[in-house]
Amino acid sequence: MAVDKKYVSVEELKKHNKPGDLWISIQGKIYNVTDWKNQHPGGDIPLLNLGGQDVTDAFIAFHPGSAWQYLDKLFTGYHLEGFEVSEVSKDYRRMASEFSKAGMFEKKEHVVIYSLCFVTLLFAAAISGVLCSENFWVHMAAGGLLGFAWVQVTYLGHDSGHYNIMTSRGFNNLAQILTGNCLTGISIAWWKWTHNAHHIAVNSLDYDPDLQHLPFFAVSSSLFQSLTSCFYGRELTFDPLSRFLVSYQHYTFYPVMCVGRINLFLQTFLLLFSNRKVPNRAMNIFGILTFWIWFPLLVSCLPNWTERVLFVFVSFCVTSIQHIQFCLNHFAANVYVGPPTGNDWFEKQTRGTIDISCSTWMDWFHGGLQFQLEHHLFPRLPRCHLRTISPLVKELCKKHNLPYRSLSFYEANVMTIKTLRDAAMQARSLIWEAVNTHG
């Protein structure tokens, strides 16, 4: 006997977007995730940001096929009234299905093994340079190698955060603690917290933490309005200090990147010792303590304080290449104010990302993140496949008249500095207005 379906309107669904009353729609079926958000492996931020909407494309992007079985217990019995799928979403879902049938999400080739061997070699060379030589330049080279090891191991940590790089979830979690906390001093828990929010709300000025860098940087004059960060839950105050620093940001960008790692250390401590719920807090703290034992010990083996300071500075300068790349992928792309929306997932990813074009032999250097759009559309796809799918994504963007931006590393730097300079000039005009107004 057929049972009549019960429907809720789009407007009614939008009302269920609060922490204590959180519904989402996936393929037209309504699910109550109010309680589930606290158990969600990706954290509560993605669900809170997309609450009250259809999130089918985002769900497909971040979850393997095995995740669908867990939805039944969350089903409310309601369906979304007038549910339709856009042509862009149809093509995106078809592409994701084809990749899945081809086994591309499971085939990692030998990237993990090669990367682990390379990282081990870099760390061994850096440590040997400190312990087995008394030459100043060898010590500085060792600092550079250590910084480059941090860059490469961060790519492994990034991979492990999006999909299993090991044989089981338990070993994968262990790899995350090792590659993140123990070797780099940056908590994988902090990374997941911010990175998941970034993927969901890419280039939203008030929802994407990767664009919230006041008082040092502002990629848009919209940040001059002292927006409230919906991620941090506080105002991004554009005060006189921010106005001054932003007005010179196109000059300070690279110097700040050279010491940007200090901020990542600070953010790690602020999260791990906060009142916020942190998955595997004890393991994360243990990993961080491990880093702050071996790293200072290594630095202390250098003969004097001049070399110690320079060693650390050189290692930080090398890692700044990676920090810069992260900025190149997004700073000069389109931005917006407001929460992310689930019904234009593909469109938002294309507008908020910039690829970095490079030769095949340089893929190892960029860790797959040069294919930023491809990664954002298919975050679970191992990096070894990103170059393969790039022409397909480009063709799909062309079909739907959506941007596909791929710039050389140099061109992306120029575009980023231009974006920062444009915002800086607007900040300076505010300074002169204040001077003229108040004499």
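Just above sits the structure.
Residues numbered from 1 in each chain as written. Predicted model: local features only at pLDDT ≥ 70, side-chain atom pairs only at ≥ 80, totals over all residues. Heavy atoms only, no water.

Colleague: It is not clear to me how the packing of helix H5 (residues 111-131) against helix H6 (residues 136-162) should be interpreted in this structure. Could you clarify?
Modeller: Helix-helix packing is described using two parameters, namely the angle between the two axes and the distance between the axes. Orientation of H5 relative to H6, taken along the N-to-C sense of each, is 155 degrees, at an axis distance of 8 Å. On the basis of their axis angle, the class for H5 and H6 is roughly antiparallel. Note that H5 runs across H6; the crossing there is left-handed. Facing H5, whose interface residues are Val112, Ser115, Leu116, Phe118, Val119, Leu122, Phe123, Ala125, Ala126, Gly129 and Val130, H6 presents Val138, His139, Ala142, Leu145, Leu146, Phe148, Ala149, Trp150, Gln152, Val153 and Leu156. Partitioning the contact of H5 with H6 into residue classes produces 18 nonpolar, four polar and no charged. (Axes fitted to C-alpha atoms, helices over the stretch in contact; angles between N-to-C directions. Helix = DSSP H or I, 4+ residues; strand = E, 2+ residues; numbered from the N terminus. Parallel < 35°, antiparallel > 145°, perpendicular 65-115°, else oblique. Left-handed = near helix turned anticlockwise from the far one by under 90°. Contact = heavy atoms within 4.5 Å. Nonpolar A, V, L, I, M, F, W, Y, C, P; charged D, E, K, R; others polar.)

Colleague: Any chance you could explain the pattern of salt bridges here in plain terms?
Modeller: Should the charged atoms of two oppositely charged side chains come close, the side chains can pair. Summed over the entire model, instances satisfying the criterion amount to 11 salt bridges. Linking Glu12 and Lys15 is a salt bridge whose minimum nitrogen-to-oxygen distance equals 3.6 Å. Judged by its relative accessible area of 52%, Lys15 falls in the exposed class. The partner of Asp344 in a salt bridge is Lys348, with the nearest N and O atoms 2.8 Å apart. For Asp344, a relative accessible area of 16% puts it in the buried group. (Salt bridge = Lys/Arg side-chain N within 4 Å of Asp/Glu carboxyl O. Buried < 20%, exposed > 50% of the residue type's maximum accessible area, 1.4 Å probe, protein only.)

Colleague: I keep staring at unusual backbone geometry and nothing clicks. Help me out?
Modeller: Only a minority of non-glycine residues have a phi that is not negative, and only a minority of peptide bonds are not trans. At the junction of Leu214 and Pro215, the peptide bond is cis and its omega measures out at 15 degrees in the coordinates. Structurally, Pro215 can be placed in the loop between helix H8 (188-200) and strand E6 (228-229). The phi dihedral of Asn280 falls on the positive side, at around 50 degrees, and the residue is not glycine. Position of Asn280 relative to the elements: it lies in the loop between helix H11 (260-272) and helix H12 (281-300).

Colleague: Quick question: what am I supposed to make of the layout of surface pockets here?
Modeller: Using a probe with the size of a water molecule, rolled over the atoms, empty space left in the structure can be pinpointed. Here the second largest pocket is characterised by a volume of approximately 1200 Å³. The wall of the second largest pocket is formed by 48 residues, among which Trp190, Asp210, His213, Asn263 and Leu264 lie closest to the centre. Elements with a contribution of two residues or more to the lining of the second largest pocket: H6, helix H7 (169-184), H8, helix H10 (249-258), H11, helix H13 (305-328) and helix H16 (372-377). No other element matches the seven residues that H11 contributes to the lining of the second largest pocket. A breakdown of the residues in the lining of the second largest pocket according to their chemical character gives 24 nonpolar, 21 polar and three charged. (1 Å grid on protein atoms, 1.4 Å probe; cavity = no way out; pocket = protein on both sides within 12 Å on 5 of 7 lines; lining within 4 Å. Points joined across faces, edges and corners; volume = space filled by probe spheres on them.)

Colleague: Sorry if this is basic, but what is going on with empty space enclosed by the protein here?
Modeller: What the rule picks out here adds up to three cavities of 30 Å³ or more. As a volume, the largest cavity reaches approximately 60 Å³. Lining the largest cavity we find His158, Asp159, His162, Tyr163, Gly367, Gly368, Leu369, His375, Leu381, Pro382, Arg383 and Leu386. A total of three residues in the lining of the largest cavity trace back to one element, the largest contributor, which is H6. Split by residue class, the lining of the largest cavity holds five nonpolar, five polar and two charged.

Colleague: When you look at the environment of Leu369 in this model, what are you seeing that I'm missing?
Modeller: Mapped onto the fold, Leu369 is located in the loop between helix H15 (363-366) and H16. Residue Leu369 is classed as buried on the basis of its relative accessible area, which comes to 4%. On a C-alpha basis, the gap between Leu369 and His323 in space is 12 Å, while along the polypeptide they are 46 residues apart. Among residues more than four places away in sequence, those in contact with Leu369 are Tyr155, His158, Gln325, Phe326, Asn329 and His375.

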